[in-house]
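Fold and contact review
Listed here are the chains, written in short residue letters.
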4 protein chains.
Amino acid sequence: MQDKQSEKDMRGIRIDKVGVKGLRFPIVVRDLAHRTQNTVATVAMYVDLPHHFKGTHMSRFLEVLHEHGRIIHVENLPEIAKRMQERFSSECAHLQIDFPYFIEKKAPVSQAVGAMDYGVTLQADTMKSKVIFTLGVAVPVTTLCPCSKGVSERGAHNQRGVVTVRIRARKTVWIEEVIQLVEGSASCELYSLLKREDEKHVTERAYDHPVFVEDLVRSVALRIKKDSRVLWYRVEAENFESIHNHSAYAMVESAVAASQQTGAASPSPGH
Amino acid sequence: MQDKQSEKDMRGIRIDKVGVKGLRFPIVVRDLAHRTQNTVATVAMYVDLPHHFKGTHMSRFLEVLHEHGRIIHVENLPEIAKRMQERFSSECAHLQIDFPYFIEKKAPVSQAVGAMDYGVTLQADTMKSKVIFTLGVAVPVTTLCPCSKGVSERGAHNQRGVVTVRIRARKTVWIEEVIQLVEGSASCELYSLLKREDEKHVTERAYDHPVFVEDLVRSVALRIKKDSRVLWYRVEAENFESIHNHSAYAMVESAVAASQQTGAASPSPGH
Amino acid sequence: MQDKQSEKDMRGIRIDKVGVKGLRFPIVVRDLAHRTQNTVATVAMYVDLPHHFKGTHMSRFLEVLHEHGRIIHVENLPEIAKRMQERFSSECAHLQIDFPYFIEKKAPVSQAVGAMDYGVTLQADTMKSKVIFTLGVAVPVTTLCPCSKGVSERGAHNQRGVVTVRIRARKTVWIEEVIQLVEGSASCELYSLLKREDEKHVTERAYDHPVFVEDLVRSVALRIKKDSRVLWYRVEAENFESIHNHSAYAMVESAVAASQQTGAASPSPGH
Amino acid sequence: MQDKQSEKDMRGIRIDKVGVKGLRFPIVVRDLAHRTQNTVATVAMYVDLPHHFKGTHMSRFLEVLHEHGRIIHVENLPEIAKRMQERFSSECAHLQIDFPYFIEKKAPVSQAVGAMDYGVTLQADTMKSKVIFTLGVAVPVTTLCPCSKGVSERGAHNQRGVVTVRIRARKTVWIEEVIQLVEGSASCELYSLLKREDEKHVTERAYDHPVFVEDLVRSVALRIKKDSRVLWYRVEAENFESIHNHSAYAMVESAVAASQQTGAASPSPGH
């Protein structure tokens, strides 16, 4: 049977990334309290392809993914990325999974319990013997506008925003730690279940802690900078403005990304 | 050359709708002031297929669409729907276009001018000699929570919401009329450009006009009911809650939809 | 503390649906083989609101949802919908959940095992003592064009399509049954993992079984019609055409929807 | 009136990008034949913010945008970016617009005319006196799998794919040039309107020109490399596989991006 992919290629162009994307797969994530939660990921898997090979055997990505059983454990990501390198005899491998993650939260006054969802991205990039592990968390928050509060006699416009943090660290940083750090920097955090007494609390809390998107990315960045585990970070904030039909946006990236990135040890993802 | 589509089908099943969707096409819309604006629509075109035909000649939808020139004028929608009936010898034809629509707006205090975008849907459904024309407009607004205001000592949570109105009328109802009616029912309307003095105005305006999604759909429905041109309506409101990671939603539909719909005259879309 | 929602409303307009949407929640689904799988749902919950009440207590939806534990079992949907009626003293309740569902599949020749994902919708609508349960399944398939095959000397264009089936039944119909019925009507079914010998098989299988979107909805409808459990159905097919930048679409709905719907018993969802 | 944004900030963190995104605005684009077309863009505008300023005056972005009239001409992008630098006294400015672009195309045999849509991104990034202009075009194409053709006795799976090219050039490269270059590298190009004789042509054309995503990015990259105007490029291809429920993906980026980028002259966008 013909093997087109293994034929020689004469165009002399190395491919940076080739593989599969948009694949859904059930996963298990371990949380900070060492309990596990089941969720569903969208998966992307790529390797590099030397200039002299015509193609990649795409089915091998699926085989590597299924080698670890019906459900992927997040702890196995760096191992899966290394397995991709072996299986494809490639220099680099890139594995990314995106999934919703749930945290049980008590409402601030009534203590009623509800589940809040966050968007998480885990990425393992290997180059030869190095593994760089990146954690991304998208945290929805309330933001109340300092300008609106300052100029108005009553009220202040506020809205849902989302803060997206990406970090590379030398030691495990937990999803819960990133969430806590962001929620502590916002006007108020979100809850799925709020009784009337809670609504009073979050309304007044937000009114007392106005933040611009600029404040939000700065406060989060400042807290991350102080964490000695972190090698690189990027913080983005987007406000779905309640007074406009567009968003306000701000982004800060740590300056020394490139050099630190190369020197990155292979941190265990932890999760 | 074989004509598979024209072959007989023996399964005895009439198809309600068959055609093309997700097609992008440049259009021209005429506004209330009889000026025109250029925009881009996403188009869906369907006809019914009697049980004895195997298939539809999909290229004919494109031919009908292009018969009216490089750019569709919205005035031509009912005519295009009728042309679809002729071309396919079908009983019914369904034509729907969705597009962004712009209105120039002055900020409430500074009078600074900015362009606001709205999502519009126009639909022409023909059955034999009848044409039913449906106008849909999605209007983004500010909503401020009456409960939050009522229980809190300061501030009140507010957010962007969107009100989606769909109406069938015996005479032309303009896009601008629907927008005005919805914006007048909300805590405040949105603007693309607001200076500091405007921000004070919209903040206080919203604080002074709190509405639940329930209030919003009721106020809009009440205004539409009083309009003798309208035969049928549906009003939906969705709030992208600033204190939750989910939406609040309400919907009201006029009770007499079915009968009025059948009796509907063929209103000119007007636009 | 003020209770705005419980105030009287004088506008005289009953609200058809009010509640929450876009809420994510972990769920457990039982499959045909009585094994369970964990996945994540997007939830919508609505009730009707009599004309004399100003508002709904939105937090109660969350309370009802959380009453059944940290993870919803799909078996509990009709019970949750009834609980919504009680809690809100409403005539109607509407509960809808959408989630990805996985099936382990063997490749047709190599028998290599891979996980395929499908989009499922479960809906429980109660009116007084009646419950109507609706199952929806979106099944991705390969479709190969009969016209293209008929007129061409070699090859035939084909593409990914998606068939969306919605049914109401008097007895449990399993997700797996709907998937099998749709996959048997397409040019070929999809797999996540295919080796070279499998790729030969699916290519030739599709080439030997060309179908238009019209064929697809008719074949599926015909099979569903023969199932005595089914009270109502709607079948849609959409082809993401490989030769166009738009889709081909067809839809068939069972004629006797309205009357059967009203007479529907309260089928257990089964899952 | 308070001016919160102009207050001092003590956190010592410079913000890389701050501004507005998700803003819709009508635009005019000039094509290769020097005719103009009207379309609608989604706009993002950012500047950097020195560490000592608390905030940005977001309304100024809208003022700059509206200074150039009710409709933006694409020729004005670098000028608008420079105006942003002036208005905010910033070192950098970033302006990005995304819009659908239409080309009239004749079917290959019948010569029937139809409009095809492409996704275009124009980006102007200024740093002090430098302007870097980036053109992005997303071109949908047909791809037919060489492996499937090679191993199968009849047929070959094919599907819609999309090739996304981004380039920086020292002289104007037209949108039409990028489209032509990509369409010439695919198994076949797409059309909105194809008669039966055309369908035969495109089916056989695709069957005779099988390409992997790897081939596609290499062929496109090779053609771009030969163009002396181009300073930097990235080529991505994604196939919406007809036999899987996920995509195949490949990406090539020119090696010398960083250095050339810095040295980039300020090319006029041309459009």
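Here the structure is shown first, and the text comes after it.
Summarised in this report is the structure supplied together with it. (Residues numbered from 1 in each chain as written. Chains lettered and ligands numbered in written order. Predicted model: local features only at pLDDT ≥ 70, side-chain atom pairs only at ≥ 80, totals over all residues. Heavy atoms only, no water.)

As a further point, take the overall build of chain A. Within chain A, the regular secondary structure consists of 7 helices and 10 strands. When the backbone C-alpha atoms are referred to their principal axes, chain A occupies close to 75 × 35 × 35 Å. Taken across its 271 residues, chain A has 63% of its residues classed as buried. Long-range pairs, those at least 24 residues apart, make up 66% of the contacts in chain A between residues at least 6 apart in sequence. Of the roughly 9,700 Å² of accessible surface on chain A, 50% is carried by carbon and sulfur atoms. With 36 positive and 33 negative side-chain charges, chain A shows a spacing of 3 Å between the two charge centroids. (Helix = DSSP H or I, 4+ residues; strand = E, 2+ residues; numbered from the N terminus. Buried < 20%, exposed > 50% of the residue type's maximum accessible area, 1.4 Å probe, protein only. Contact = heavy atoms within 4.5 Å. Areas by Shrake-Rupley, 256 points an atom, 1.4 Å probe, with all protein chains shown as cover. Lys, Arg positive; Asp, Glu negative; His and termini not counted. Charge placed at Lys NZ, Arg CZ, Asp CG, Glu CD.)

Two cysteines joined by a covalent bond between their sulfur atoms form a disulfide. This model, assessed by the stated rule, comprises 0 disulfides over all chains. Here cysteine 145 of chain C is not disulfide-linked; the sulfur of cysteine 147 of chain C is the nearest cysteine sulfur, at 5.0 Å. (Disulfide = S-S within 2.5 Å.)

Its rotation angle being 180°, the transformation that places chain A on chain D also includes 0.0 Å of axial translation and leaves an RMSD of 0.0 Å. When the rotation and shift are considered jointly, the pair of chain copies conforms to a two-fold rotation axis. Of all interface residues in chain A, 100% are interface residues in chain D too; the two copies therefore contact each other through one and the same surface. (Least-squares fit on C-alpha atoms with pLDDT ≥ 70 in both.)

Turning our attention to the interface of chain D and chain B. When the parts of a complex come together, some accessible area is lost, and that lost area is often taken as the interface size. The partner chain B presents 30 residues to the 30 residues of chain D that form the contact. The largest share of the area that chain D buries against chain B comes from Met1, Arg24 and Arg196 of chain D, three residues that together contribute 21% of it. Taken together, chain D and chain B are joined by 5 salt bridges. On inspection of chain D and its partner chain B, the count reaches 11 residue pairs in polar contact (both at pLDDT 80 or more). Elements that contribute at least two residues to the side of chain D that touches chain B include exactly β1 (15-30), β2 (36-49), α1 (59-67), β4 (92-106), β5 (113-127) and α5 (196-208) of chain D. Of the residues belonging to the side of chain D that touches chain B, the class tally is 11 nonpolar, 8 polar and 11 charged. (Buried area = accessible area lost by both parts, 1.4 Å probe. Salt bridge = Lys/Arg side-chain N within 4 Å of Asp/Glu carboxyl O. Polar contact = N/O pair within 3.5 Å; in protein donor to acceptor, adjacent residues only side chain to side chain. Nonpolar A, V, L, I, M, F, W, Y, C, P; charged D, E, K, R; others polar.)

Another point: unusual backbone geometry. Even without being glycine, glutamine 111 of chain B reaches a positive phi, approximately 65°. Along the chain, the position of glutamine 111 of chain B falls in the loop between β4 (92-106) and β5 (113-127). Non-glycine residue lysine 128 of chain D carries a positive phi angle of around 50°. As for its position among the elements, lysine 128 of chain D is in the loop between β5 and β6 (130-144). With relative accessibility at 54%, the residue lysine 128 of chain D sits in the exposed group.

In this section: the pattern of salt bridges. On inspection of all chains with the given rule, the structure shows 98 salt bridges over all chains. Lysine 105 of chain A is the salt-bridge partner of glutamate 183 of chain A, the closest N and O atoms lying 3.1 Å from each other. Here glutamate 183 of chain A, found in helix α4 (residues 175-183), pairs with lysine 105 of chain A, found in strand β4 (residues 92-106); they are 78 residues apart in sequence, far enough to count as distant. Between arginine 87 of chain C and glutamate 63 of chain C there is a salt bridge, with its nearest N and O atoms 2.9 Å apart. Here arginine 87 of chain C, found in helix α2 (residues 77-88), pairs with glutamate 63 of chain C, found in helix α1 (residues 59-67); they are 24 residues apart in sequence, far enough to count as distant. Look at the salt bridges and you will find they share partners, linking Asp9, Arg11 and Lys54 of chain A together with Asp215 and Arg218 of chain D into a network.

By size, the foremost hydrophobic cluster in this structure holds 161 residues, and its most contacted members are Met45 of chain A together with Met45 of chain D. Look past the residues within four positions of methionine 45 of chain A in its chain and what remains in contact with it is Val18, Gly19, Val20, Phe61, Val64, Leu65, Ile80, Met84, His94 and Leu95 of chain A. Ranked by size, the runner-up nonpolar core spans 159 residues in total, among them Leu193 of chain A, Leu135 and Val163 of chain B together with Val137 of chain C. (Core = buried A, V, L, I, M, F, W, Y, C linked by side-chain atoms within 4.5 Å.)

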